[in-house]
Amino acid sequence: VSHSRHIGMVKDIVIEEEVDVEVEKPGKRKKLDARGLSAEKELPDIDWDKAESVPLLPTGGKPKFLDPIDKHNVNEGETAFITFRVEGDPIPTVEWFKVPEKDMSCNPRAKLLTDGNHGTVTMGLRNCKAEDEGDFQCVLTSSKGRVEFDFKLFVTVEGGMDFRAMLMKKKVKQKKVVVQKTEWIEPLFDMEAQENKDKQVVMTAKLSVKGMKGKWYQRNETIMSDIKSGENGRELQRGDKYEWKLEEDTYTLIIHNPKVEDDGTYILLVKEVDAKTSGYLTVKKRDPEYWFVRPLKEKETAYTSRPYSMSVELSEPGVNLKWLKNGAPIDWNSCSFVKKDEGCMSCIYFPNVVMDDSSYYSAQIMEFVKNGEQDQTNCWFEVEEYPHTFTAQLEKKKVVEKDSVEYEITTEAEDAEVTWYMGNKKIVPDGNRFTVVAKGKKRQLMIKDCQMKDAGEITCKTNKDKSTTLLEVGILNEITKEVCSDAYRSISGMVFAVEREDVVLYFDVKDPDAPATFYLNGEEVGRNDPRFTQSTIGPGKHQLVIKHLEMTDAGTVEVRTPLNKDNKVLTSSVTLDVMMGERKPELMNVGGKGGKYKVDGVAGKSCEFEVDYKVEGKKQSELDYKVMLDGKELKNGQDVNIVVTDGKMKVNFINPKHEKSGNYKIVMSNAQGSVEQDISVNIMDKPAEPSQCKVNQVFHDNCVVNWKEPEDDGGTEILHYIVEEEDVTGGGGWSQVAELGPNDRKAKIGNLTNGNKYRFRVRAVNKLGESVPCEMDGDDVLIKDPWDAPGKPGKPNIVDWGPDHCDLSWAAPESDGGAKITHYVIEKKENNTQNFVVGKILSVDEVNEMNGMIKGTCDGLIEGYQYEFRIKAVNLGSTGLWNYSDPSDPSNSMIAKTRFMKAKIREPGMHDIEIKAGKTFRYDIWFSGEPEPDVTWEREGVILEQGERVSIDLFSKNGIYVEKNSVLTVTKASRREDTGVYKIRLTCGGGSMEATGFVNVLDVPKKPRLLQTSEVRAEYCKLSWEHPEDDGGTPITGYSVQLMDLASNEWMHYIDTADMSVEVQGLRPGHLYKFEVVAINKEGVSPPARTKDPVRAENPYGVPGEPTDLRIVDFDEKSVTLRWAKPNNDGGRPISHYIVQKKDEFGGWFDALKTDNDNCFATIEELEARIPGLSLGKRYTFRVIAVSKAGESEPSKETKPHLCRYKNLCPSIDKGSGGSKTVKINRLTCFQIKVKGEPLPTFSWKKDGQRIGNTDAMNISVVHNPDEQSGVATLQILRTQLTDAGTYTLLAENSNGSDSVDLDLIVLDEMHTNDCDMFLNGSLECSCNNRFRAEIAEQDHVKLGLQVL
């Protein structure tokens, strides 16, 4: 026990005697300084409208009120200011309440102020009412504590002082006060205790007065942070933790099993005499208990030159741990390893293990070892050579003789030693052919000048690993015999052969496996070509056979073979000379002396020709020849005479006739082929007569005579034709009128007599004479023109026009008069003339025809003139004169001007107009455009029509082009009907246009919208509304609010405001009110907006109802999860949070949790909260309270008592209840095994691996204990036999896992009389034949059906 700590707060006992004293009425704002004296001059007066808070400054220590006054008085309707001096560091928060818990910050008539300059806090209450009278509370809170001060406010009603004020004012008989001193004879003292060491703490105090009841409180930082804690902290509840007693004047508090959380100030309060004393209880933490959570392994192995660490895990940090090597403490300054501690882990770290580190290492806890735990753990640390391994494998290499090769491999460590082998022979680096390099983790072997004997396995080895691959050494190839052929065919670099014969080429190389590829004139010889055969005729010997040589085979034959190194190639070549063989005959200079392929003769005279020929190359066969006509061979000496000499063949026809003319064929052949030649033989005579003489194209003085050539020209070309005429009408016989060339087939015969009839005939003439004449067929020919003038064209249509032209279309004449129309003539006529004149002559190439209409343009018009048009069609007579049709009907008239001009509005055009309601406004718009635009007026997208107030007028100005004036006039303007965007729309083929202007008709605004009341209370309410749908075209300048008390039924002006909400004060509680609001602009006042129903001035809410449906939905060994539903009635105010209370079997109700957004949402229908801090094995009951600004609800129905226990616990068998059991035969065997688990596990028994169950001789049962989450599985063998011996296994299973235990049962047989020396004396040399349990056990196993092993 240290020094005493008591609070000298005692209240003397008062004995009253009557005296006369006048009690003064307290002022509206009585201020006292720290000494309790008047301090009105120090504190400035407060102006309600101008008062603003000044933040408090940190002063003093814990929150504190400095001599506050607990009674205050104010007249009804006046403003009360209650001011207290306070201090606190840190700055405390300030709260004001009207008891029980009405937060004054929510009262619209209250204003809460702080004044850091004077260290005061003030609550102002405006327009005080009788119902404001009552108990109030001011609360200061900081991290150092919480302090409350209760005071009263009296309101003097209108018309005089209230009863309390009169009592305070009048003179009354007072009693004389006699004070009897009360004090603590023995106050409480500070005390100390230690957790798990002291069983209880007893605190006592003695008061000078006997029999006064007291209350005990505990206060510490945790308790004071709870909003429910009072000034003295939390009142203690009698139970397992606390008990107390009062014996006359002595107060005793007993605290059982003090814990660290019991630390704090304990206060004894005797309210009757305001006596308080306190003492501080300091509870030290329990002595620590240390043990090895993870001890050292019995043996650990490490490798040299590598880091390693061995560690232990302790129950908690800060353990005094010593490390030993071979039983002696380790000197950390002289060893190669270090000690590292972090948290609960302690380890020895070997940065580079060496063989000398092999030893016994121990870790020893020097103090506070937990009972039953070892204080030292040991480990044998063994060091071995590090097993080096390769991180890759050798790759296979392939080289040729004299090449260099390099092998590379990587190890997992840089210090690995690697040995290289070629086959089974170790490679010794000689610096010449063999070189070994070690660089970092890389190991390299380099072999130079490789030889064939080097081929085979290459191996590298470490102390624990090896890698093997192959080295392949190929032959460095070379040519041993250049390409050549047989000796009789070959000379140096040349091979000779004859066309169509075979030739064989040879080529030898060193590498028997090397391929050889033949090329002929740079192209590879195809292996699939049947003319070429490639083969290997021995090791390294290659052959190419070329069959049936061709002249194109002559050239270079090249052979290529690989060098087997660097992709290089060896080549050998020879020149192949191919001589030409026999060729087939060739004909030359066929015909007569000219050497032509055509032979001419004269009938009855002679016809002959000669043919030159040749045969190149060596003769290999006889030459054959013949003459053929139409596939038949002519007979020599009968049809023709044929004479063949060296290089010439002469043919003479016997009895030549024109009929023997034709295409003859000479055929000459040998063994290599044949040749043919066609020879045209022409035996000439007079031509045959022409055919098909006809007359056409008959005109007024000429016609055309047509004929075809003779079928036979007599074997010679036609020289000319003779045309003869006969004038049948005029007489005179046949006469020649024309001579035409051999290629002409018609003749135009002129100078004929128009209207006479004629006949015509034609003769063919060649160099041998004239043919018989061919006369025209049919009737005589009448000489005249065959056509007339065209028909009348259709009436022209005006398609398009401009200031200087007009585009026309018309229908073509129904008849062209028999001749093609060549031109159209467009004639025009101005409006002030009588006759049409030619405007434009267009050829048919200058007009367009489309859809049966002819289109043309007449240009050269004068802008502004009016025209008509007509059309004439023209064809040509045979003499070249124009034949004109009758003119078409005239077109409609048109004015030469621009056809399309975009609509355009002349300035000033459309503009915005602002006008008062009832006035007239007008839009006067001039516009132009071609063609004439259509005019429409719109307002807000709706087309305007003529009406009572709306007129639309249209005026025109004379001229070539359109220029018009549209006037829109609106009278008696109305804001609702006429305000908006006005649009004039000009629709024109040359381009449309539109323009807009806004007309704003000014008027008073519409009434405000959505007028509604809110936060209706007994003394005030809030009004809010929205901006009118229409402000009248000019901004709203303000609103005027009026109200009507239905008791008086008169409207009263309340306030003018620019806002759209107002707080209406001074309502009379219980009265019905109506409200109206009007909007004001510069044009006037809107119609009023009024509340629909009367509003009663009363408070709308109370405390909420109790929460419902409270239940436990989840739990574990430290907490439960509760779920409940919101109250059926929230009392009219939203529920802000919930308070969850709990109590155990022995105590009262405690606040266990206050919900907030982290652990519960007060806005949903079904709520959950997790309640932590429960003690395993205790029973708890829970209930929930709903809280709103109106206060706390009644508690919900409490839950059933809940046992705090584990959930989802894997089965755990108490292994201590297992083990071996030895039982004599025929006795009871009983195994009782305790198993924990949640949910409660199921049990199964096995004997020697086979499942067993209840029998007459065996009873299996289970007893569950839900409170302890355990069960006891029992196996009973009523009369144990030798066959019951064996191993029994109990298996416990649930959804979280399983556990099992093996139980050995040994059955002892009864003692038999025997002479076994081993049984009697333990002699191993006994040689008797006695047998014991083995034989009997075997027999009983057979009876049970069990297998005997």
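Residues numbered from 1 in each chain as written. Predicted model: local features only at pLDDT ≥ 70, side-chain atom pairs only at ≥ 80, totals over all residues. Heavy atoms only, no water.

Colleague: It is not clear to me how the packing of aromatic side chains should be interpreted in this structure. Could you clarify?
Modeller: What characterises a pair of aromatic rings is the spacing of the ring centres plus the angle enclosed by the ring planes. Scanning the entire structure with this criterion turns up 35 aromatic pairs. Ring centres of tyrosine 303 and tyrosine 386 lie 5.5 Å apart, and the angle between their planes is 90°; on these two criteria the pair is classed as edge-to-face. Residue tyrosine 303 is found in strand E24 (residues 299-303), and its partner tyrosine 386 is found in the loop between strand E31 (376-384) and strand E32 (397-400); the two are separated by 83 residues along the sequence. In this structure an aromatic cluster arises from ring pairing among Phe65, Phe84, Trp96, Phe136, Phe149 and Phe151. Above the face of the tryptophan 244 ring, arginine 238 is positioned so that its terminal group lies 4.5 Å from the ring centre. The aromatic ring of tyrosine 421 is capped on one face by lysine 461, whose charged end is 4.6 Å from the ring centroid. (Phe/Tyr/Trp six-rings, centres within 6.5 Å; stacked < 30°, edge-to-face > 60°. Helix = DSSP H or I, 4+ residues; strand = E, 2+ residues; numbered from the N terminus. Lys NZ or Arg CZ within 6 Å of the ring centre and 35° of its normal.)

Colleague: What am I meant to see in the environment of phenylalanine 350 here?
Modeller: Note on placement: phenylalanine 350 falls in strand E29 (residues 345-350). Residues phenylalanine 350 and glutamate 827 lie 477 residues apart in sequence; the distance between their C-alpha atoms is 123 Å. Residues in contact with phenylalanine 350, not counting those within four places in the same chain, are Arg306, Pro307, Tyr308, Met310, Phe337, Asp357, Tyr361 and Phe381. (Contact = heavy atoms within 4.5 Å.)

Colleague: Looking at this model, I keep getting lost on the sheet that holds strand E80 (residues 934-939). Mind explaining?
Modeller: Whether parallel or antiparallel, the strands of a sheet pair through hydrogen bonds between backbone atoms. In spatial order, the strands read E78-E85-E84-E80-E81; together these five strands make up an open sheet with mixed pairing. The open sheet terminates on both sides in strands that have one partner only, identified here as strand E78 (913-916) and strand E81 (942-943). Here E80 runs beside strand E84 (residues 980-987); their pairing, made up of six bridges, is antiparallel. Residue pairing for E84: threonine 936 is matched across the bridge by arginine 985. (Pairing = 2+ DSSP bridges.)

Colleague: Is there a simple way to explain a nonpolar patch on the surface in this structure?
Modeller: A cluster of nonpolar side chains, Val838, Ile841, Leu876, Trp882 and Tyr884, forms an exposed patch at the surface whose accessible area comes to about 440 Å². Secondary structure elements with two or more residues in the nonpolar patch: strand E71 (837-843) and strand E75 (882-884). Here isoleucine 841 lies in strand E71. Note on isoleucine 841: relative accessible area 42%, which makes it partly exposed. (Patch = residues over 30% accessible without salt bridge, like charges linked within 9 Å, V, L, I, M, F, W, Y side chains within 5 Å. Areas by Shrake-Rupley, 256 points an atom, 1.4 Å probe, with all protein chains shown as cover. Salt bridge = Lys/Arg side-chain N within 4 Å of Asp/Glu carboxyl O. Buried < 20%, exposed > 50% of the residue type's maximum accessible area, 1.4 Å probe, protein only.)

Colleague: Can you help me understand the layout of surface pockets in this one?
Modeller: Over the atoms rolls a probe the size of a water molecule, and its path tells where empty space is left. Roughly 1,200 Å³ of volume is contained in the second largest pocket. Looking at the second largest pocket, it is lined by 35 residues, and the ones nearest its centre are Pro63, Arg146, Val147, Arg219 and Glu231. Put simply, the parts of the chain that give the lining of the second largest pocket at least two residues each are strand E3 (59-66), strand E10 (134-142), strand E11 (145-156), helix H2 (221-224) and strand E22 (275-284). In terms of residues, the lining of the second largest pocket owes the most to one element, E11, which gives eight residues. Residue classes in the lining of the second largest pocket are distributed as 10 nonpolar, nine polar and 16 charged. (1 Å grid on protein atoms, 1.4 Å probe; cavity = no way out; pocket = protein on both sides within 12 Å on 5 of 7 lines; lining within 4 Å. Points joined across faces, edges and corners; volume = space filled by probe spheres on them. Nonpolar A, V, L, I, M, F, W, Y, C, P; charged D, E, K, R; others polar.)

Colleague: I tried to follow the pairing of strand E88 (residues 1038-1045) on my own but got confused; where do I start?
Modeller: Successive residues of a regular strand alternate their side chains across the two faces of the sheet. Counting buried residues along E88, seven of its eight residues qualify, which places the element largely inside the surrounding structure. Pairing between E88 and strand E91 (residues 1072-1081): eight bridges, direction antiparallel. Residue pairing across strands places glycine 1038 opposite isoleucine 1080, the latter belonging to E91. When E88 meets strand E89 (residues 1050-1057), the two strands line up antiparallel, connected through seven bridges.

Colleague: Before we go on, may I ask you to explain the pairing of strand E25 (residues 308-314) in this structure?
Modeller: Sheet analysis places strand E23 (residues 292-294) next to E25, joined by two bridges and oriented antiparallel. Bridge assignment links arginine 294 to a residue of E25, and that residue is glutamate 313. One ladder, built from six bridges, connects E25 with E29; its direction is antiparallel. Within E29, the residue paired with tyrosine 308 across the bridge is phenylalanine 350.

Colleague: Sorry, what's going on with the sheet that holds strand E30 (residues 359-365) here?
Modeller: An order of E24-E31-E30-E26-E27 is seen for the five strands of this open sheet, with the pairing classed as mixed. One side of each edge strand has no neighbouring strand; the edge strands of this open sheet are E24 and strand E27 (328-329). For strand E26 (residues 321-325) and E30, the ladder comprises five bridges, and the chain directions are antiparallel. The residue bridging lysine 322 from the neighbouring strand is glutamine 364, located in E30.

Colleague: Is there a simple way to explain the side chain of threonine 459 in this structure?
Modeller: In this fold, threonine 459 is placed in strand E38 (residues 456-461). At 3.2 Å, the side chain of threonine 459 and the side chain of threonine 468 are in polar contact. (Polar contact = N/O pair within 3.5 Å; in protein donor to acceptor, adjacent residues only side chain to side chain.)

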